[in-house]
Amino acid sequence: MSAFNPRMARWLALVTQVIAVLCLLANMIGWFIPEAAEIIARNITGLINEPINLTTRALVLGWLISTFQLAVLAVGFWAMAAVFRLFAQDDYLHPDIGNYVQRFGKSLLVFGLLSPLMRTLLGLAITLDNPEGQQMLIISLMTNDFVVTLVGILLIMLGYALKQAAIIAEDNRQIV
């Protein structure tokens with residue numbers, strides 16, 4: 001009897017990969033629809049009432065900056081999908097599970113550490129073409145950045161423990 005439903009694990013693997021792709025696709029579409037781009041830019045940077053100038057250059061820079069950060073997260077989602085696929089095969093002590101969990105943790109760590117920088121760069125990009133004196137440099141730290149970073153560190157450590165458990169399980173199989 002499986003401790004984890006293989007059907008659900010296969011479904012979660014697929015959903016995780018679809019979410020990764022949809023995040024990148026929605027980000028791209030959002031930056032190239034002017035009304036959506038303004039909402040995205042204001043929400044990410046926190047510039048709610050301040051003047052922004054979404055020129056073509058600002059839109060392309062905004063898309064590139066946000067895509068880079070989302071791509072880091074997408075790599076992590078892909079690693080988690082691999083864990084779900086191994087769970088679907090009833091292989092809970094596969095040596096690669098620890099590596100995939102660590103990869104997801106590293107992507108969360110990098111995502112969390114990059115978030116303040118990405119918000120700053122995005123703020124610069126969308127105010128770059130403002131009139132003189134209305135360009136803005138915004139540096140903000142959010143609680144979510146710390147939470148994502150700490151969860152990433154926890155997953156890196158958990159992945160290490162899972163790798164060690166896989167090594168011990170393999171040693172035990174060889175003894176028996």
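Our structure is the block above this text.
Residues numbered from 1 in each chain as written. Predicted model: local features only at pLDDT ≥ 70, side-chain atom pairs only at ≥ 80, totals over all residues. Heavy atoms only, no water.

### Some words on the overall build of the protein chain
Within the protein chain, the secondary structure is distributed over five helices and zero strands. Shown N-terminal to C-terminal, the secondary structure of the protein chain runs as helices and strands in the order α-α-α-α-α. For 176 residues, the compact-globule estimate of 2.2 N^0.38 gives 16 Å, and the protein chain exceeds it by more than 25% at 20 Å. Principal axes of the C-alpha set define a box for the protein chain whose edges measure 75 × 25 × 20 Å. Here the protein chain holds 176 residues, and the buried ones make up 38% of them. Working note: accessible area of the protein chain is about 10300 Å², and carbon and sulfur atoms make up 70% of it. Of note, the protein chain has its 10 positive side-chain charges centred 7 Å away from the centre of its 11 negative side-chain charges. (Helix = DSSP H or I, 4+ residues; strand = E, 2+ residues; numbered from the N terminus. Rg over C-alpha atoms; globule rule 2.2 N^0.38 Å. Buried < 20%, exposed > 50% of the residue type's maximum accessible area, 1.4 Å probe, protein only. Areas by Shrake-Rupley, 256 points an atom, 1.4 Å probe, with all protein chains shown as cover. Lys, Arg positive; Asp, Glu negative; His and termini not counted. Charge placed at Lys NZ, Arg CZ, Asp CG, Glu CD.)

### Some points on unusual backbone geometry
Note on backbone geometry: most residues besides glycine have negative phi, and most peptide bonds are trans. If you check the backbone angles, aspartate 90 has positive phi at about 60° while not being a glycine. Residue placement: aspartate 90 occurs in the loop between helix 3 (56-88) and helix 4 (95-127).

### Quick notes on helix 3
The end-to-end C-alpha separation of helix 3 is 45 Å, in line with the 48 Å expected for 33 residues at 1.5 Å each. Once helix 3 finishes, aspartate 90 follows within two positions and takes phi at roughly 60°, a positive value. (Expected span 1.5 Å × (residues − 1).)

### Some points on the side chain of glutamine 69
Its place among the elements puts glutamine 69 in helix 3. What glutamine 69 contacts, discounting residues up to four positions off in sequence, is Phe111, Leu114, Ser115 and Met118. (Contact = heavy atoms within 4.5 Å.)

### A few points about the nonpolar core
One finds Trp31, Phe104 and Ile126 to be the most contacted residues of the largest nonpolar core, which totals 27 residues. At the level of secondary structure, the elements contributing two or more residues to this core comprise helix 1 (6-31), helix 2 (34-45), helix 3 and helix 4. The element that contributes the greatest number of residues to this core is helix 4, accounting for 10 residues. Residue contacts for tryptophan 31: discarding those within four places in its chain leaves Ala37, Ile40, Ala41, Leu59, Gly62, Trp63, Ser66 and Leu122. (Core = buried A, V, L, I, M, F, W, Y, C linked by side-chain atoms within 4.5 Å.)

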